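The chain contents come next:
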Amino acid sequence: MKLIRTTSAMADWSRRLHREGVTIGFVPTMGALHEGHRALIRAARLACDAVVVSIFVNPTQFGPTEDLAKYPRQLRLDRALCAKEGVDAIFAPTAGAMYQPGFQTIVSVPTLARLWEGEARPHHFQGVATVVAKLLSLVQPDISWFGQKDFQQAALVRQLAKDLNLPGTLRVHPTVRERDGLALSSRNVYLSAQQREAAPVLYRALQAGAAAIRGGERRGAFIQRLMAHVVKTERSVTPEYLAVCDPSTLEPLQTIQRHAVLLGAVGLGTVRLLDNMPVTIRPKS
Ligand code: AMP
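Just so you know, these numbers come straight off a predicted model, no measurement behind them.

Overall, antiparallel pairing links the 3 strands, which are arranged E7-E8-E9 in an open sheet. The sheet terminates laterally at strand E7 (238–245) and strand E9 (271–280), the two strands that pair on one side only. Between one strand and the next, the sheet's axes are offset by a mean angle of 10 degrees, whatever the strand orientation.

Our next topic: the site of the ligand. Lining the immediate environment of the ligand, one finds 16 residues, of which His37, Gly147, Asp150, Val176 and Leu184 sit closest. With respect to the ligand, the backbone of methionine 30 contributes an N or O atom lying 2.9 Å from an oxygen atom. Take leucine 184: an N or O atom from its main chain is 2.9 Å from a nitrogen atom of the ligand. Protein coverage of the free-state accessible area of the ligand, which is 490 Å², stands at 93%. Per-element tally for the shell around the ligand: the top contributor is helix H2 (residues 35–47), with 3 residues. In terms of residue class, the shell around the ligand is built from 7 nonpolar, 7 polar and 2 charged.

Before going further, it helps to examine the packing of aromatic side chains. Any aromatic ring pair is given by two values, namely how distant the centres are and how the planes are angled relative to each other. In the structure shown here, the tally under the stated rule is 4 aromatic pairs. Consider the rings of phenylalanine 56 and tyrosine 99, whose centres lie 6.3 Å apart with planes at 35 degrees: the pair is tilted. With phenylalanine 56 in the loop between strand E3 (50–55) and helix H3 (75–84) and tyrosine 99 in the loop between helix H4 (95–98) and helix H5 (117–120), the pair connects residues that are 43 residues apart, well separated along the chain. Taken as a pair, phenylalanine 56 and tyrosine 99 share a single burial class, namely buried. An angle of 45 degrees between the planes, with centres 5.3 Å apart, marks the rings of tryptophan 116 and tyrosine 241 as tilted. Of this pair, tryptophan 116 sits in the loop between H4 and H5 while tyrosine 241 sits in strand E7, placing them 125 residues apart in sequence. A single burial state applies to tryptophan 116 and to tyrosine 241, both of which are buried. Aromatic ring contacts, followed pair by pair, group Phe56, Tyr99 and Phe103 into a single cluster.

Here asparagine 188 lies in the loop between strand E6 (169–173) and helix H8 (193–198). Judged by its relative accessible area of 13%, asparagine 188 is buried. From its side chain, asparagine 188 meets the backbone oxygen of alanine 183 in a polar contact 3.1 Å long. Apart from the residues within four sequence positions on either side, asparagine 188 is in contact with Leu182, Ala183 and Leu273.

Taken as a whole and assessed by the stated rule, the structure comprises 16 salt bridges. Across the salt bridge formed by aspartate 150 and lysine 149, the nearest N and O atoms sit 3.7 Å from each other. On the basis of relative accessibility, which here comes to 26%, the residue aspartate 150 falls in the partly exposed class. A salt bridge links glutamate 240 to arginine 272; the nearest nitrogen and oxygen atoms lie 2.6 Å apart. In this pair, glutamate 240 is assigned in strand E7 and arginine 272 in strand E9, connecting sequence segments 32 residues apart. Using a relative accessible area of 26% as the deciding quantity, one classes arginine 272 as partly exposed. Look at the salt bridges and you will find they share partners, linking Glu35, Arg38, Arg42 and Glu85 into a network.

As defined by bridge partners, strand E8 (residues 259–268) adjoins E9 across 10 bridges and the pair is classed as antiparallel. Looking across to E9, one finds that alanine 265 is bridged to leucine 274. Counted between consecutive antiparallel strands, the loop separating E8 from E9 contains 2 residues, among which glycine 269 sits at a positive phi close to 60 degrees.

A separate point is the state of the cysteines. For the structure on display, the rule yields 0 disulfides. The thiol sulfur of cysteine 82 is not disulfide-bonded, and the nearest other cysteine sulfur, from cysteine 48, lies at 15 Å. Residue classification places cysteine 82 among the buried positions, given a relative accessible area of 0%.

This part takes up the nonpolar core. Core analysis: the largest hydrophobic core is formed by 46 residues, its most contacted members being Met10, Trp13, Val52, Phe91, Met98, Trp116 and Val132. Residue assignment for this core shows that the elements contributing at least two residues are helix H1 (7–19), strand E2 (24–29), E3, strand E4 (89–91), helix H6 (124–139), helix H7 (151–163), E7 and E8. Looking at this core, the element that brings in the most residues is H6, giving 10 residues. Counting the residues that make up this core, at least three belong to each of domain 1 (2–173) and domain 2 (186–277). Formed by 29 residues, the second largest nonpolar core is a distinct cluster that contains Val231, Leu242, Leu268 and Val271.

Analysis parameters
Residues numbered from 1 in each chain as written. Predicted model: local features only at pLDDT ≥ 70, side-chain atom pairs only at ≥ 80, totals over all residues. Heavy atoms only, no water. Pairing = 2+ DSSP bridges. Helix = DSSP H or I, 4+ residues; strand = E, 2+ residues; numbered from the N terminus. Axes fitted to C-alpha atoms, helices over the stretch in contact; angles between N-to-C directions. Near = heavy atom within 4 Å. Polar contact = N/O pair within 3.5 Å; in protein donor to acceptor, adjacent residues only side chain to side chain. Areas by Shrake-Rupley, 256 points an atom, 1.4 Å probe, with all protein chains shown as cover. Nonpolar A, V, L, I, M, F, W, Y, C, P; charged D, E, K, R; others polar. Phe/Tyr/Trp six-rings, centres within 6.5 Å; stacked < 30°, edge-to-face > 60°. Buried < 20%, exposed > 50% of the residue type's maximum accessible area, 1.4 Å probe, protein only. Contact = heavy atoms within 4.5 Å. Salt bridge = Lys/Arg side-chain N within 4 Å of Asp/Glu carboxyl O. Disulfide = S-S within 2.5 Å. Core = buried A, V, L, I, M, F, W, Y, C linked by side-chain atoms within 4.5 Å. Domains from an automatic or database assignment.

These results come straight from atomic positions and should not be treated as a statement about function.
What follows is the structure, encoded as structure tokens:
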């Protein structure tokens, strides 16, 4: 398994493989790899001849008061996981290699970045869009994988790739969860034992919302209140947003027609947790 540190070496590696007719699968990550990342890597391994995993804690997607400095970094463990999964190359550039002195281009997807995570983290999505545009240009993948866990991010990346004709197709992998429903996240290591116990309430709230829809409820406001009510059962958990949205535009839905996504973010002390649940109403046969 190759460890690539520079942007030019990354571009050269992909160019050489493409010349040889090898298809490239790509999984962009910030490292601290867990079973969620592993599922994306396995999907890439099955679909493509060669797999590249990028590990880059992208500074431009963190706000000034966020956890950039303490974000978990564990390249040695990540390399071992990637080697075990048959990854061909890890692309782990330094921040200086990705953003050279004088760097000034910003990519923005303003409408999809306006709500929810974009509201909570004002410059986050332009950081994500810029780094994803750079990574896809460098890696030139045939297929890249993103997690449904970050639903808004996946929607934004889809729009970005379409608008800028970025290389390859995109696949979104379902969320991988702990047994009690908590979505796996590199940030879960920040949770204390008590917070960890309370954390699955977000998943339970989304489940309650989805069950109500399946039971015939169509009013967005009602489902939103229902989810808030479930979250309130854990006093240490603060709801940030719980919303019933159109899965394409992410705008709130007053009335659910056929497709919806339930989006949620909660706070536990200084930790923020995100989750979501897409729901499709099956027409009665
Ligand atoms: P991150 O390292 O957190 O930036 O995540 C890298 C990729 O893995 C993103 O596309 C995430 O959406 C995806 N991902 C993170 N956690 C999960 C999970 N629990 N299940 C599926 N995909 C995930």
